[in-house]
Amino acid sequence: MKRRYPAGNMSNSDHIHRSSVPIITYAILGIVILVALGMPALQSKFIYPRFINLNIEKTEDDAIRIGRIMMRMVLQDYVDESFIITEKTKTFLDQTTRDYVLGKVNVFSSSGETIFSTTREDVGKINNHSYFTDIVAKGRVYTKVVLKDTKSLEEQVITDDVVEIYIPILEKGKFVGAFELYYNISAHKDSMDAIIAGTNLLLQSLAGIIVIVVMGAAVGLHRGMKERKKFEDMLFNLATRDRLTGLYNRGRFLDMLQWTVEKHIRYQDKTSLLMFDIDRFKNVNDTYGHQAGDEVLVAVARMCEQVMRKSDMVARYGGEEFVVLLPETDQTGAAKIAEKLRQAVSELVISCVKGRIRVTISIGVVDFSEVDELSFDSVIKLADDRLYKAKKMGRNRVMPQ
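The text that follows walks through the structure, step by step, so that each part is easy to find. (Residues numbered from 1 in each chain as written. Predicted model: local features only at pLDDT ≥ 70, side-chain atom pairs only at ≥ 80, totals over all residues. Heavy atoms only, no water.)

### Topic: the overall build of the protein
- Counting its secondary structure elements, the protein contains 9 helices and 14 strands.
- When the 401 residues of the protein are sorted by exposure, 41% land in the buried category.
- Contacts spanning at least 24 positions in sequence make up 63% of the contacts within the protein whose residues lie at least 6 apart.
- Of the roughly 22,500 Å² that the protein leaves accessible, carbon and sulfur atoms contribute 57%. (Helix = DSSP H or I, 4+ residues; strand = E, 2+ residues; numbered from the N terminus. Buried < 20%, exposed > 50% of the residue type's maximum accessible area, 1.4 Å probe, protein only. Contact = heavy atoms within 4.5 Å. Areas by Shrake-Rupley, 256 points an atom, 1.4 Å probe, with all protein chains shown as cover.)

The structure is reproduced here in structure tokens:
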């Protein structure tokens, strides 16, 4: 029965969860920044126009109310289907203009002729524009906002911000004329512009503060994530690395071996294993001391890393014993690599306090494809048997069979 060992690395779900956390967090921070920067634009593009529209609607209501008051007076001068504006009516219209701070008042007949105007030179002019004939003459109110120093519907340059409103005059449901009122909104608009400017300044200040806070939080989060990653990497290394040599430890190697055996069984790919130890290592410890022994282990580990390929997995199996997992390598290739490693270690000179040390290694080589009833245990046993055979035959040799 195959043995299983706990994995030293994180599961895929843990990795996905960790990687998704900063993504979600940065997305939230990005949304906050966009909202903060968008508040002034929202104010200018949506809130301000809405305030203007509300002001216009209120002005229209006020103008219609004023128009009804004037209509009752003007209709008294409607005789035999025509208007004869009396002096009394003119005085009333002039007074109403002043009382309600209207910029201008015109009264039109049903044909569009100006029969009264607070601007006297307009009397007698004919309004034959389409908005008058197609909208006002059909009993509907028509409104236009005219900004300062622009032209009105009558092609006159206006010196104030006004709402120009046409209000139909109806007699028993019949269109008989119309009022044109210039409702001055300069004071309202200036006041609103000041409020909007102040609000924009406040929103921009708040947006700046929010952006600074969010950026500070993002920097803090980034640093925190880096520190967390360093800590997790440290824990991972402690769990998977040998503390003396820095190679993978026995537990991590066994995990990888289990996975590699199962992969070979399924795909029949080329895979080999080296198991070696340092010859007469006990003599090194006895002669030079355990600290020197540790230096020898580290030196052999570094040499092994130099000789092996990046795809190979080198681990300290225990004591002076090491293992190497060789992917995409058959027995012939593994034997060549093992011989290269043996030769490199035999030429290695390790200096210590008590002198210079030279060591040799014995290596057992196993090709997965030659193992009957391939399993976790059978690979390890065969590699160990061949290592023992190399020792029996005189050490400092490679035993591929």
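There's plenty left to go through after this.
### Side note on the nonpolar core
- Residues Leu 274 and Met 308 are the most contacted members of the largest nonpolar core, which totals 35 residues.
- Contributing elements (two or more residues each) for this core: β8 (271-278), α6 (281-288), α7 (290-307), β10 (321-327), α8 (331-346), β11 (350-352) and β13 (361-367).
- Per-element accounting of this core gives the leading share, 9 residues, to α7.
- With residues near it in sequence (within four places) discarded, Leu 274 still touches Met 308, Phe 322, Val 323, Val 324, Leu 326, Ala 334, Ile 337, Ala 338, Ile 363, Gly 364 and Val 365.
- Within the second largest apolar cluster, 24 residues are counted, among which are Phe 83, Leu 93, Val 105 and Ile 185. (Core = buried A, V, L, I, M, F, W, Y, C linked by side-chain atoms within 4.5 Å.)

### Notes on the sheet that holds β13
- A sheet is described by the order of its strands in space; here 5 strands give the open sequence β9-β10-β8-β13-β14, paired in mixed fashion. The sheet terminates laterally at β9 (313-318) and β14 (398-399), the two strands that pair on one side only.
- Where β8 meets β13, 7 bridges bridge the pair, whose relative direction is antiparallel. Bridged to Phe 276 within β13 is Ile 363.
- On the sheet, helix α9 (residues 376-392) packs against β8, β9, β10, β13 and β14 and is oriented at approximately 145 degrees with respect to β13. (Pairing = 2+ DSSP bridges. Axes fitted to C-alpha atoms, helices over the stretch in contact; angles between N-to-C directions.)

### A short note on the packing of aromatic side chains
- Summed over the entire model, instances satisfying the criterion amount to 9 aromatic pairs.
- With a centroid separation of 5.2 Å and an interplanar angle of 15 degrees, the aromatic rings of Phe 276 and Phe 322 are classed as stacked. Within this pair, whereas Phe 276 is found in strand β8, its partner Phe 322 is found in strand β10, the two being separated by 46 residues in sequence. Both residues of the pair, Phe 276 and Phe 322, belong to the buried class.
- In this structure an aromatic cluster arises from ring pairing among Phe 108, Tyr 131, Phe 132, Tyr 142, Tyr 166 and Phe 175. (Phe/Tyr/Trp six-rings, centres within 6.5 Å; stacked < 30°, edge-to-face > 60°.)

Keep in mind that these numbers describe shape and distance, not what the molecule does.
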